[in-house]
Structure formats: C-alpha cells, structure tokens
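Coordinate inspection notes
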Amino acid sequence: MTIANYISQILSRSSWIRRMFEEGTRLKAKHGAGNVYDFSLGNPNLEPPHEFKAALQQAVMNSAAGLHAYMPNTGYPHVRQAVADYLCQEQKMPLTANEVIMTCGAAGALNVILKALLDPGDEIISPVPGFVEYTFYAGNHGGILKTVPARADFTLDIGAISAAVTAKTKAVLVNSPNNPTGQIYSEESLVKLGMLLKNKGKEVGHTLYLISDEPYRKIVYDGSKVPGIFKCYPESIIASSYSKDISIAGERIGFLAVNPQAAFKAELLGGMALANRILGFVNAPALMQRVVASIQGASVDISVYTRKRDLLCDGLADCGYQFVKPSGAFYLFPKTPLPDDVQFVQALQEELILTVPGSGFGGPGYFRIAFCVDDSTIINAMPGFKRVMEKYK
Ligand SMILES: Cc1ncc(COP(=O)(O)O)c(C=O)c1O
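To keep things clear, this report deals only with the structure shown in the data block. (Residues numbered from 1 in each chain as written. Predicted model: local features only at pLDDT ≥ 70, side-chain atom pairs only at ≥ 80, totals over all residues. Heavy atoms only, no water.)

Here the focus is the overall build of the chain. When its secondary structure is counted, the chain shows 13 helices and 12 strands. In terms of overall dimensions, the chain is globule-like: its C-alpha atoms have a radius of gyration of 21 Å, near the 21 Å expected for 393 residues. With the C-alpha coordinates of the chain rotated into their principal frame, the extents come out at 60 × 55 × 50 Å. Taking all 393 residues of the chain together, the buried fraction comes to 56%. Sequence separation of 24 or more characterises 75% of the internal contacts of the chain that already satisfy a separation of 6 or more. Carbon and sulfur atoms make up 55% of the accessible area of the chain, which amounts to about 16,700 Å² in all. (Helix = DSSP H or I, 4+ residues; strand = E, 2+ residues; numbered from the N terminus. Rg over C-alpha atoms; globule rule 2.2 N^0.38 Å. Buried < 20%, exposed > 50% of the residue type's maximum accessible area, 1.4 Å probe, protein only. Contact = heavy atoms within 4.5 Å. Areas by Shrake-Rupley, 256 points an atom, 1.4 Å probe, with all protein chains shown as cover.)

Structure (structure tokens):
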C-alpha cells in the first residue's frame, strides 16, 4: 500500500459516491449530457451577478505595484474591514477587521478553525443529516466528528446534542441553511443551544465553541431570515464563503469571523492565522479578496432559485413524494418510498436521474436533490420521478 491507511479507508468509505459520479459520467457519454438529469452536485448553475464581473474587471486592470505579492496570513486589512463592516449589520454587533480572517472558501475556514481548536481525540458534535465532508475535516486535525440526529423536521434536537457532550467535546458545528435539508435553525433554538454550551462548558471545565457554517445564508425563501449566531452565544465562530451566493465556488474565497465577545479571542485568532499559513493556504487568493471587498452584500437573483424550488416541490408533491419544503439553500431532501435509499437512487438512475442517497449525509431513508440546475432539467425529469415513485409506493 502506498497511500496512508487513513486515506485508503476514507476512499473506500466514500466509494459509493465515487461510483455514482462515475455512473453519471458513463450515462452522459452513452445517452448525451442533455438526456441525463443531473441533480447530484451543489454546484450553482447561475452566472455570478454583474457586480462581480464589474469588480473583477476593475481589479484585474489595477496595475499598482505589489498586488500579487504575499500579504498578512489573515488577508488584506481593507478587505477584512469591509467584511467586518458588513457583518456588523448582519450580526447586529460591532466587529472590527481584527476579528475576521479571509480564507479559501468555507471549507478552508472550517479546516482553519478545526486546526486551531482540536487536539488528537477531541470531539466535534454535529447534527445529521449534514454535510458529509465534516467527518473528514475533523479527521484532518486528529478530531472525531460525533453526529447526532436532528428532529423529524430537521430542526435542532437540543436534547440529543446535550446527551452527546463529553469531556472530549470541543465544539458543536451547525450548518444553517442546511445542506442537505434546506432547514434554517430558529433563533430560539440557537439561544437554547448557546445556553446548553455555556452550562456544559462549566461542567466539563473548558469552553465549548459553536461553529456556524453558513455559505447558504443569503439563499433563503419566503422571507425567511437566518438568525445571527453572535447574539445567541459569545463563544461562537462563523465560517462562510461567496461560493454559493455569488456563484464563484471555483474561486475559493470565504472568511471566518470570531465573536468579538469570545473569552479567548486573541488566542483563537492567533491560532487561526497560523493555521491558515501552515495548512498551506498561506492566505486567501489576493485577486478575489479585492473583488469581494467591493461587493459586500451582493448575490445572484434568489428568485430564480425560488422558482426552481417551487417547480421541483410542486412536481414531486404531485407524484406523491414526501418532504419538508426547504426554507433555504438549494437542496431538497425527500423520503424514499422504500427503506433502502441506495436502491431507490439506483432506480432513479435507470431513468437517467442522478441524485444522492441520504445515507451519504447520515440520513438513510431519504435522498438529496440539488436543484441548482436548469428549469428544463427539473421539468424533463418529472415523468421519470413519477414512474419510479409509482413502482415503489
Ligand atoms: C454545508 C457546506 N459547507 C461548506 C461547503 C464548502 O463551501 P466552499 O466552496 O465555500 O468551501 C459546502 C459546499 O458544498 C457546503 O455545502
């Protein structure tokens, strides 16, 4: 064996996802990409907004000296200031550039946060269904992701989180709006979670952090609001990015922000700046930092995703699928009509419909549909969704 046992194990654990991806490639080659309905990836299909393109052109034309050089590991001070100014409004709390670090996407932010927090064997608690990569991110830094079930409507089960806390727990990691369920956690539940972490922290004798992964914060429907985490608990850290809301996932730009009231703020930020460097990110991409600084608050036209969500939800409801209508993000997580979600997803594949089994997200008995696709994909896949439902209901 040439590669590490740990990596080898991860590869085999996620092999069914790879098989699905390979199956998708095979189906597209055989039937033509246009005849395969691919709902498998959360890769935004909308183009970035015009503000982004204008800011990018301006940034590229700037020929001042030193614009492509190394910078502080935390990012350009003026960019961090712009992000802090925006967060002040969003979180309804005064924030400075010192509390913000620019990162390589939300994934980079999460890895920097976990690198700074975890000793070997430390535990991170996270609700499932949830983002599959969290397990690997915790493992990257010697940590263990301990999953706890969400409630039936995918809201937080505070009792389950409480029962999972041990002396090894370092943080709870939540993602709202959620991938794969589209659920948004209420302010009330986040305040309760904050209270729990405060009390349990006293019990275990160390600070318990609340990490909030929020790359879908701006993608919300029907007037839903995503509560600011900073007001809910002082020991909180935000990881976010511009990947989803301005459709620039390939540009790898995001940020982390530490609650200004956090007790060990200076140590946390110092550790995270170092982590950004030694994980090999060094700093977030320079050009993209300059671009996002000038378009804080911009997003793609969310009404387009609302239309796609409604098209999908109305169509699937007519076919007899059961689901919680998502309040945010661009995923739907319906129940499979048979217990084996992998078998159900394979049946959809026979109709050239690519989705992901819920088991991959810690949610067996469900499957995930990423609806960041053309309207025509949703419309043309519907007869196939209906045939498969009729076969199993
Ligand atoms: C819940 C969640 N967190 C983090 C990420 C990573 O986002 P980024 O591209 O900003 O690294 C994703 C990407 O799909 C995600 O769904």
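It is worth spelling out the sheet that holds strand 8 (residues 254–258) at this point. With mixed pairing, 7 strands are arranged side by side in an open sheet as 2-8-7-6-5-3-4. The open sheet has two edge strands with one neighbour each: strand 2 (100–103) and strand 4 (144–149). Averaged over all pairs of adjacent strands, the angle between their axes in this sheet comes to 20°, without regard to strand direction. Pairing of strand 2 with strand 8 involves 4 bridges; the strand directions are antiparallel. Across the sheet, T103 pairs through a bridge with G254, a residue of strand 8. (Pairing = 2+ DSSP bridges. Axes fitted to C-alpha atoms, helices over the stretch in contact; angles between N-to-C directions.)

Our next topic: the pattern of salt bridges. For the structure shown, the criterion picks out 17 salt bridges. Where K200 meets E203, a salt bridge forms, and the shortest distance between an N and an O atom there is 3.7 Å. In this pair, K200 and E203 both sit in helix 8 (residues 187–204), 3 residues apart, roughly one turn of the helix. Of the charged contacts in the structure, one is a salt bridge between D310 and R309, with a shortest N-O distance of 3.0 Å. Judged by relative accessible area, R309 falls into the buried class, the value being 1%. One network of salt bridges, in which partners are shared, links D222, R309, D310 and K325. (Salt bridge = Lys/Arg side-chain N within 4 Å of Asp/Glu carboxyl O.)

Taken together, 14 residues are adjacent to the ligand, and D213, Y216, S241, K244 and R252 come closest. A distance of 2.5 Å separates a nitrogen atom of the ligand from a polar atom in the side chain of D213. Here an oxygen atom of the ligand sits 2.6 Å away from a polar atom, N or O, in the side chain of R252. It is helix 5 (residues 105–117) that provides the largest number of residues to the shell around the ligand, a total of 3 residues. When the residues that make up the shell around the ligand are grouped by side-chain class, the tally is 6 nonpolar, 5 polar and 3 charged. (Near = heavy atom within 4 Å. Polar contact = N/O pair within 3.5 Å; in protein donor to acceptor, adjacent residues only side chain to side chain. Nonpolar A, V, L, I, M, F, W, Y, C, P; charged D, E, K, R; others polar.)

Okay, the nonpolar core next. Formed by 50 residues in total, the largest nonpolar core has its most connected members in V100, M102 and L193. Where this core is concerned, the elements lending two or more residues are helix 3 (50–61), helix 4 (77–91), strand 2, helix 7 (158–164), strand 5 (169–175), helix 8, strand 8 and helix 10 (286–293). Judged by nonpolar contacts, the second largest core, of 43 residues, contains Y216, Y221, C319 and F344. (Core = buried A, V, L, I, M, F, W, Y, C linked by side-chain atoms within 4.5 Å.)

By themselves, these are just geometric observations and shouldn't be taken as functional.
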